[in-house]
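Listed below, chain by chain, are the residues.
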Amino acid sequence: TGQRVCKECFFRVFETEVHHTIVDNGLFRPGDRIGIGASGGKDSTVLAYVMKTLNERHGYGLELFLLSVDEGISGYRDDSLETVKRNRDQYGLPLKIVSYEQLYGWSMDRIVEAVGRKNNCTFCGVFRRQALDRGALMLDLDHIVTGHNADDVAETILMNMLRGDLPRLGRCTEITTAGDGYIGRSKPLKYAYEKEIVMYAYLKRLDYFSTECTYSPNAYRGYARQFIKDLEAVRPSAIIDIIHSGEAMKVASTVAMPVPAQCERCGYLSSNAVCKACALLEGLERGIPKLGISRTVKDADGLPAHGGDGSSAVELVHFERLRERARAIRQQRLETADSGSCDADACLCADDGASGCR
Ligand code: SF4
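Named according to an unreviewed UniProt entry, the protein is Cytosolic thiouridylase subunit Ctu1 originating from Coemansia biformis.

Printed below as a string of structure tokens:
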């Protein structure tokens with residue numbers, strides 16, 4: 001608004017804005033189990049703190065969890081996860097960590113060794129998205145929230161526009177998306193500027209990690225970010241204006257949209273026969289990383305797949321199995337609600353000894 005406010009009023013204004021984003025968009029229902037995607041960075045740390053504050057202040061009735069992904073990036077993620085563990089203790093929230101190594105059999109360090117530094121973020125982004133959904137099913141969550149802020153959303157709108165990616169342009173302004181088709185995903189900080197988030201974290205003295213990823217070239221987003229910062233310098237409302245423009249755009253009905261289906265290998269939501277994660281994994285396993293980077297496995301080449309049957313050497317746990325186990329955990333939780341105990345046989349959290357399960 002351009003108003004000048006003191007520190008205490010700034011806290012209140014910032015928190016109230018996030019509260020309105022949550023309420024006006026009906027993001028949650030009382031009793032929902034919400035996973036906060038936690039990387040230890042400023043955005044997710046502020047999100048965790050504000051979600052906890054608002055849940056208590058306004059009686060949302062949510063069960064909150066921290067859900068982290070360990071990509072296996074030495075000197076970066078191992079350190080940032082230490083921050084998340086401290087946040088777990090500071091905020092009293094259960095934490096679940098899922099790792100690429102455990103889920104896919106590949107750490108990002110090994111992926112970068114295999115693919116170099118050009119396409120590494122494609123692997124990382126696709127694997128992270130699915131890892132969050134897998135972690136959410138392990139905890140039987142209803143919904144995941146991520147720390148994407150207004151600057152991130154504006155950058156994504158611009159990038160999709162510049163690439164002419166109309167299906168993604170249509171989706172990227174939505175505050176809630178479908179996730180794996182069962183677990184919703186939303187961005188409560190969608191209208192919060194990065195500057196506000198940094199200031200909130202700094203003034204609240206929150207414990208967050210601020211080092212850049214070792215493998216973060218991602219040049220295209222970097223250009224979009226710089227362009228938006230330049231625009232913002234001459235027109236302070238540029239970021240929110242881009243978001244409002246993106247929200248107002250309607251993709252023409254003549255544009256071919258992906259038809260949602262399920263990956264025939266792992267059951268994940270995919271518009272191709274094989275989802276992107278399985279395709280990337282197959283490329284890695286076969287020593288042809290470029291295989292998965294092109295649009296579909298079939299487009300990539302006609303070589304017989306590893307084992308000759310079209311499957312990759314690493315088999316991801318099928319999503320239907322994860323969903324079944326999540327339903328079993330839910331049933332058991334409902335039945336043992338009063339006892340507060342957990343049956344380790346049915347509980348996925350016990351598989352890796354991670355904390356965070358009831
Ligand atoms: Fe992964 Fe790239 Fe982000 Fe690093 S910068 S965490 S490699 S997506």
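Anyway, onward from the coordinates.
As a matter of local geometry, the ligand sits amid Ile-73, Asn-120, Cys-121, Cys-124, Arg-128, Cys-213, Tyr-215 and Ser-216. Partitioned by chemical class, the residues of the shell around the ligand number five nonpolar, two polar and one charged.

The next subject is the side chain of Glu-194. With respect to the helices, strands and loops of the structure, Glu-194 is situated in helix H9 (residues 194-203). Looking at Glu-194, its side chain comes within polar contact range of the side chain of Lys-42, at 3.2 Å. Contacts of Glu-194, omitting those with residues within four sequence positions, involve Lys-42, Asn-149, Asp-151 and Lys-229.

Residue pairs three or four apart in sequence face the same way in an α-helix, which turns once every 3.6 residues. What helix H5 (residues 108-115) keeps buried is the set Met-108, Asp-109, Ile-111, Val-112 and Val-115. The buried residues of H5 all sit within an arc of 160 degrees when viewed along its axis, so they share a single face. Check the buried side of H5 and you find it contacts helix H4 (100-104), helix H6 (120-138) and helix H12 (276-285). Looking one or two residues beyond H5, the residue adopting positive phi is Gly-116, at roughly 80 degrees.

With that out of the way, let us pick up the packing of H5 against H6. When two helices pack together, you describe them by how their axes are tilted relative to each other and by the distance separating the axes. Where H5 meets H6, the axes come as close as 9 Å, and the angle between the chain directions of the two elements is 145 degrees. As H5 packs across H6, the resulting crossing turns out to be right-handed. Contacts between H5 and H6 involve Met-108, Ile-111, Val-112 and Val-115 on the former and, on the latter, Asn-120, Phe-123, Cys-124 and Phe-127. Here the residues of the contact of H5 with H6 are counted per class, giving seven nonpolar, one polar and no charged.

So, how was this worked out
- Residues numbered from 1 in each chain as written.
- Predicted model: local features only at pLDDT ≥ 70, side-chain atom pairs only at ≥ 80, totals over all residues.
- Heavy atoms only, no water.
- Near = heavy atom within 4 Å.
- Nonpolar A, V, L, I, M, F, W, Y, C, P; charged D, E, K, R; others polar.
- Helix = DSSP H or I, 4+ residues; strand = E, 2+ residues; numbered from the N terminus.
- Polar contact = N/O pair within 3.5 Å; in protein donor to acceptor, adjacent residues only side chain to side chain.
- Contact = heavy atoms within 4.5 Å.
- Buried < 20%, exposed > 50% of the residue type's maximum accessible area, 1.4 Å probe, protein only.
- Arc of directions from axis to C-beta.
- Axes fitted to C-alpha atoms, helices over the stretch in contact; angles between N-to-C directions.
- Left-handed = near helix turned anticlockwise from the far one by under 90°.

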